[in-house]
Amino acid sequence: MAEITIDDIKETLADCVNHQVRSVTDWHFGEPVYENPDECPALEGIAGLRELSARLHWVNFRMWHLEDRARRRDVPEKVIAECKYAYDKLNTVRNGLAEAIDVCLLGMVCPLLPESAEDRYNTETVGCVLDRLSVMALRVFHMREQARRKDAGEDHTNTCSDLCEEVQARHDRLVRSLMELIDEYAEGRKKPEVHQYFKMYNDPEMNPELYKNK
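Residues numbered from 1 in each chain as written. Predicted model: local features only at pLDDT ≥ 70, side-chain atom pairs only at ≥ 80, totals over all residues. Heavy atoms only, no water.

Participant: It is not clear to me how the overall build of the protein should be interpreted in this structure. Could you clarify?
Facilitator: On a plain count of helices and strands, the protein comes out with six helices and zero strands. If you list the helices and strands of the protein from N to C, you get α-α-α-α-α-α. Seen through its C-alpha atoms, the protein measures out along the principal axes to roughly 60 × 55 × 30 Å. Expressed as a percentage of its 214 residues, the buried residues of the protein come to 37%. Within the structure as shown, the protein displays about 13000 Å² of accessible surface, and the carbon and sulfur contribution to it stands at 49%. Of the charged side chains in the protein, 29 are positive and 41 negative; the average position of the first set lies 5 Å away from that of the second. (Helix = DSSP H or I, 4+ residues; strand = E, 2+ residues; numbered from the N terminus. Buried < 20%, exposed > 50% of the residue type's maximum accessible area, 1.4 Å probe, protein only. Areas by Shrake-Rupley, 256 points an atom, 1.4 Å probe, with all protein chains shown as cover. Lys, Arg positive; Asp, Glu negative; His and termini not counted. Charge placed at Lys NZ, Arg CZ, Asp CG, Glu CD.)

Participant: Could you clarify how one ought to interpret the packing of aromatic side chains in this entry?
Facilitator: Think of a pair of aromatic rings as described by two things: how far the centres are apart, and how the planes are tilted against each other in angle. The final tally for this structure, using the stated rule, is two aromatic pairs. Geometrically, the ring pair formed by W27 and F61 is edge-to-face, given 5.6 Å between the ring centres and 85 degrees between the ring planes. With W27 in helix α1 (residues 6-27) and F61 in helix α2 (residues 45-70), this residue pair connects regions lying 34 residues apart in the sequence. Taking relative accessible area as the criterion, W27 reaches 8% and is therefore assigned buried. Measuring from ring centre to ring centre gives 5.1 Å for Y34 and W58, while their planes differ by 50 degrees; the resulting arrangement is tilted. Of this pair, Y34 sits in the loop between α1 and α2 while W58 is found in helix α2, placing the two residues 24 residues apart along the sequence. Like Y34, the residue W58 is buried in the burial classification. (Phe/Tyr/Trp six-rings, centres within 6.5 Å; stacked < 30°, edge-to-face > 60°.)

Participant: What should I look at first to understand the environment of K10 in this one?
Facilitator: Here K10 lies in helix α1. Residue classification places K10 among the partly exposed positions, given a relative accessible area of 21%. A sequence separation of 62 residues divides K10 from R72, and the C-alpha atoms of the two residues are 41 Å apart. Look past the residues within four positions of K10 in its chain and what remains in contact with it is M179, I182 and D183. (Contact = heavy atoms within 4.5 Å.)

Participant: Explain the environment of C16 here, please?
Facilitator: Here C16 lies in helix α1. Here C16 falls in the buried class, since its relative accessible area comes to 4%. As for C16 and E51, which are separated by 35 residues in sequence, their C-alpha atoms are 9.0 Å apart. When near neighbours in sequence (up to four residues on either side) are disregarded, C16 contacts L49, R50, S53 and L130.

Participant: Is there a simple way to think about the packing of α1 against α2 in this case?
Facilitator: Packed helices, taken two at a time, are described by the angle their axes make and the gap between the axes. Packing of α1 against α2 brings their axes to within 10 Å, and their N-to-C directions diverge by 30 degrees. With respect to α2, the axis of α1 lies roughly parallel. In this structure, the crossing between α1 and α2 has a hand that is right-handed. The residues of α2 that touch α1, namely those facing D8, I9, T12, L13, D15, C16, H19, Q20, S23, V24 and W27, are I46, L49, R50, S53, A54, H57, W58 and F61. The class makeup of the residues in the contact of α1 with α2 is ten nonpolar, six polar and three charged. (Axes fitted to C-alpha atoms, helices over the stretch in contact; angles between N-to-C directions. Parallel < 35°, antiparallel > 145°, perpendicular 65-115°, else oblique. Left-handed = near helix turned anticlockwise from the far one by under 90°. Nonpolar A, V, L, I, M, F, W, Y, C, P; charged D, E, K, R; others polar.)

Participant: Explain helix α5 (residues 154-187) to me, please; I cannot follow it from the model alone.
Facilitator: An α-helical turn contains 3.6 residues, so a residue and the one three or four places further along point in the same direction. Here α5 contains 34 residues, and its C-alpha end-to-end distance of 50 Å stays within 8% of the 50 Å for a straight helix at 1.5 Å per residue. One or two steps after α5, the chain reaches G188, where phi turns positive at roughly 80 degrees. (Expected span 1.5 Å × (residues − 1).)

Participant: What should I look at first to understand the side chain of N207 in this one?
Facilitator: Locating N207 in the fold gives a position in the loop between α5 and α6 (208-211). Ignoring sequence-local partners within four residues, the contact set of N207 consists of M200 and Y201.

The following block contains the structure:
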């Protein structure tokens, strides 16, 4: 099996980002089907990175539409509560997948780090960046959708069109920053790490609202 290179990793990350953009449109016509969709599998290598990125994006896709539904005021409160519980569950999966991406990347990048690599780290890990890019892809799609509405006024469509361009520009800048970060790993100027969320509210032994009201 051929060794994984920095260029392989950058190419794969670019593919992951392109998949995020394409799939937002595709999934509005039919969502993917995953086995054990609420799990965060421990995957390795290039294929693992692609799979984890796709799963993370799908979770964000589901969360986006849950957030929209939870803002309704013409449905019973039970519906809103169910949306909130479902959102919270998905958010836990989302955090786990972002961590799994970092673990996967760490396994590929660490053997490629120069021996003189500095003990310096970025403010965001690759898993966090892919998560942000996923949400940005969703925002661009839905903002563009608003800009094309026939039932909205000109001010609304113009505002949404301008915002769409701004978000797209930020998306492009973040992609460039992601690729530069991988180059910094290769040059030994930074090291990758796993961003662990350490969420306390899901732990019945750490959330006082849970352990005090048993």
